[in-house]
Number of protein chains: 2
Amino acid sequence: MVAQSTRQRVLNAAQQLGYQPNVLARSLRQGETRTIGVVVTDILNPFHATLAKGIQDAADRHGYVAFLFNSDEEPAKERRALETLRGHLPQGLILVPTSGAREHLKAMPDLPVVELDRVTGNPDATTVTTDNAGGGAAATRHLIDLGHTRIGMIVGQQDISTATQRHDAYRAALEAAGLTYDPALVLPGNHREDDGYRAAMRLLSLPPDRRPTALFVGNNEMTVGAVLAARALNLHIPADLSIVGFDDSRWAQTMTPPLTVVAQPAYDLGVQACEQLLRLLHHTGARTPARVQLPTTLIIRHSTGPPGQPRTTASSRDPARPASSSHPPVAPSAGPPRA
Amino acid sequence: MVAQSTRQRVLNAAQQLGYQPNVLARSLRQGETRTIGVVVTDILNPFHATLAKGIQDAADRHGYVAFLFNSDEEPAKERRALETLRGHLPQGLILVPTSGAREHLKAMPDLPVVELDRVTGNPDATTVTTDNAGGGAAATRHLIDLGHTRIGMIVGQQDISTATQRHDAYRAALEAAGLTYDPALVLPGNHREDDGYRAAMRLLSLPPDRRPTALFVGNNEMTVGAVLAARALNLHIPADLSIVGFDDSRWAQTMTPPLTVVAQPAYDLGVQACEQLLRLLHHTGARTPARVQLPTTLIIRHSTGPPGQPRTTASSRDPARPASSSHPPVAPSAGPPRA
DNA sequence: ATGAAAGCGCTAACAA
DNA sequence: TTGTTAGCGCTTTCAT
């Protein structure tokens, strides 16, 4: 409520002096920081980095700033991150939960929370996830359709919702096809590359008549390990072993052979999570919690094929084959939007 | 200065009530936020994600929290990030600068800044970088020693210090070996995968007698593009084309064939940057600015070898070769510390 | 349309 | 050792 000219002069002066309002004082006064907290499980994992980018971009569009923390898959670190975050009075929280999350969240009862990718099981929570059941089923059916009957799975920790959902879908798909679910072919891992490596080594070292001819691996990092294990055992993909991974990545697109995967829309997951959180903040109407679920897509590349003949040792045949002519050239991999 | 028992009781009560000091009020009062700002160029690039992790881990150890932003390689976004950051009164800043950074930093003259990986050229700046000159020279010499005489380079933007340093070292190494520097074999790119793809496509489409037999690619993302371009042209690595990349990664370790690279200690760079910044904050003595430079390592894998015979079309020979036996199995790739 | 004053939650300084 | 007070920079309210 000032004359235009005065307004302009003040604004100019502010500009000149490089005045920047003190966000802290403002936040303290009005009790709103325009800040949201984000805790992902592993920022070095491209899937999580992409989630984070989606969140930050969306938050920025709405005038919020997102503070990003890392739990490194460790409940204790998650707890620390949440405590640190809390001191900064975020107006909401987006969390890829560890197994300790449900407990930790009790300490911050009034904070709007969106659970992203995984879910703590809290029935009141707003969640943004992917269709893990559909993805797990599609992957397993794809292998069944190719003729595999001994399909192994490397599965994440059973206290993580995505891992159990993918595992349940795998089991259901097997049984729906009349195949028996063999617990000996299912090995757990803690979501990291070397977990996948170790699990695959064990599964692939079974005697030939019991060794799986195909592997469904429950997350992107463990898939890398599984592929390396197959290489170390000199098993040819897909002739000796078919592999389906979960979550697409440039690595999956460009490895030889390009990997068949269940793709998840990571960037959109992040954007959705942020949008849901902002909805929570604004429509403070306590209606039924939102559950957003985004679809997965089975992308069939060249790491899956019909099963080969069982043989006594893996390296006993394997005729020389050209490395690059077995599949078409690959164009530059598409990433999430960058601009 | 309270009796022990009282102290305990108060602490307990605080715990019970879930009391958490209000960081904003505290910061406002004491004028120190225990916060540092971090702006990297591309959080989706594993190199930058690793820098960020090193910084965050180090900051955490010292009781600081690091707020992470993204400039997406765009000066305008960098400016926005810095403005946002400034409002939150960080006590210092770690920046992987874009070309606009020098200008942007003028708006925040009293903020201690560490320039990370790249350098704006400000002589007063504290910097933490790698030995780009040494790395570029080692890569080039390696190719020369293998017998290559037409060595191309895909180089980053010339207003980015790392790009010019690597390029200058390449040129100097060529000339030191008595080879002529051919500008037609040097193509610029904007640090992204598709820039590398396009540049490599152009270089590799030169007539056979002028086409480079080896490529030194100036950063990790563009190297991916270059490899895919070689595949698209059905050029065999290393028989038809040797490639050396800059910056190691899991992708480089596990692609076929495993990539020869100049490795940089990304995680340590982040840690060092944070430590230097904290040193600036505490030893406020305005002595000569620190310049930390970490070494690079040439890791010779299987994407480099002696040049083949020039041929008219790339796909005219290429006898079938076993894909997996030409190099030893690869163990799970080592990453930076996670715990 | 403008000015004055109170107070957000904390801590540093001082007084008792 | 304990209690009181002022003030960080801002916004909101109320009075002019």
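Right above here is the structure, for reference.
Structural notes, computed from the coordinates.

Reading the values: rules and limits
Residues numbered from 1 in each chain as written. Chains lettered and ligands numbered in written order. Predicted model: local features only at pLDDT ≥ 70, side-chain atom pairs only at ≥ 80, totals over all residues. Heavy atoms only, no water. Helix = DSSP H or I, 4+ residues; strand = E, 2+ residues; numbered from the N terminus. Expected span 1.5 Å × (residues − 1). Salt bridge = Lys/Arg side-chain N within 4 Å of Asp/Glu carboxyl O. Buried < 20%, exposed > 50% of the residue type's maximum accessible area, 1.4 Å probe, protein only. Pairing = 2+ DSSP bridges. Right-handed = clockwise from strand over helix to strand, strands pointing away. Near = heavy atom within 4 Å. Polar contact = N/O pair within 3.5 Å; in protein donor to acceptor, adjacent residues only side chain to side chain. Nonpolar A, V, L, I, M, F, W, Y, C, P; charged D, E, K, R; others polar.

1. Observations regarding helix α1 (residues 4–17) of chain A
Next up, step 1: Between its first and last C-alpha, α1(A) extends 20 Å over 14 residues, near the 20 Å set by a 1.5 Å rise per residue.
Next up, step 2: Of the residues flanking the end of α1(A), it is Gly18(A), one or two places downstream, whose phi is positive at about 70°.

2. Here we look at the pattern of salt bridges
Next up, step 1: On inspection of all chains with the given rule, the structure shows 30 salt bridges over all chains.
Next up, step 2: Across the pair Asp72(B) and Lys53(A) runs a salt bridge whose closest N-O atoms are separated by 3.2 Å. Taken together, the residues Asp72(B) in the loop between β2 (65–70) and α4 (75–87) and Lys53(A) in helix α3 (residues 46–61) connect one chain to another.
Next up, step 3: For Arg250(A), the salt bridge is made with Glu221(B), and the minimal N-O distance between the two is 3.0 Å. In this pair, Arg250(A) sits in helix α10 (residues 250–254) while Glu221(B) sits in helix α9 (residues 220–232), so the two residues belong to two different chains.

3. Description of the pairing of strand β1 (residues 35–40) of chain B
All names here are of chain B.
Next up, step 1: Within β1, 6 of the 6 residues are buried, leaving the element largely enclosed by the surrounding structure.
Next up, step 2: Neither face of β1 is open: one carries Thr 35, Gly 37 and Val 39, the other Ile 36, Val 38 and Val 40, and all of them are buried.
Next up, step 3: Of the strand pairs in this sheet, β1 and β2 are connected by 6 bridges, and their pairing is parallel. Counted as the bridge partner of Val 40 is Asn 70 from β2.
Next up, step 4: In this view, the connection linking β1 to its parallel neighbour β2 by way of helix α3 (residues 46–61) has right-handed handedness.
Next up, step 5: Judged from the 4 bridges that link them, β1 and strand β3 (residues 92–95) form a sheet pairing that is parallel. Bridging from a neighbouring strand, Gly 37 pairs with Leu 93 of β3.

4. Observations concerning the protein's contact with DNA strand D
Next up, step 1: Within the structure, DNA strand D sits among 11 residues, and Tyr19(A), Asn22(A), Arg26(A), Arg29(A) and Arg29(B) are positioned closest to it.
Next up, step 2: Among atoms of DNA strand D positioned within 4 Å of the protein, sugar and phosphate together represent 76%.
Next up, step 3: The side chain of Arg26(A) places a nitrogen or oxygen atom 2.6 Å from a phosphate oxygen of DNA strand D.
Next up, step 4: Of all the secondary structure elements, the ones that give two or more residues to the surface near DNA strand D are α2 (23–30) of chain A together with α2 (23–30) of chain B.
Next up, step 5: The greatest single-element share of the surface near DNA strand D, amounting to 4 residues, is contributed by α2(A).
Next up, step 6: Split into classes, the residues belonging to the surface near DNA strand D amount to 6 nonpolar, 2 polar and 3 charged.

Treat this as a map of the structure, not an account of what it does.
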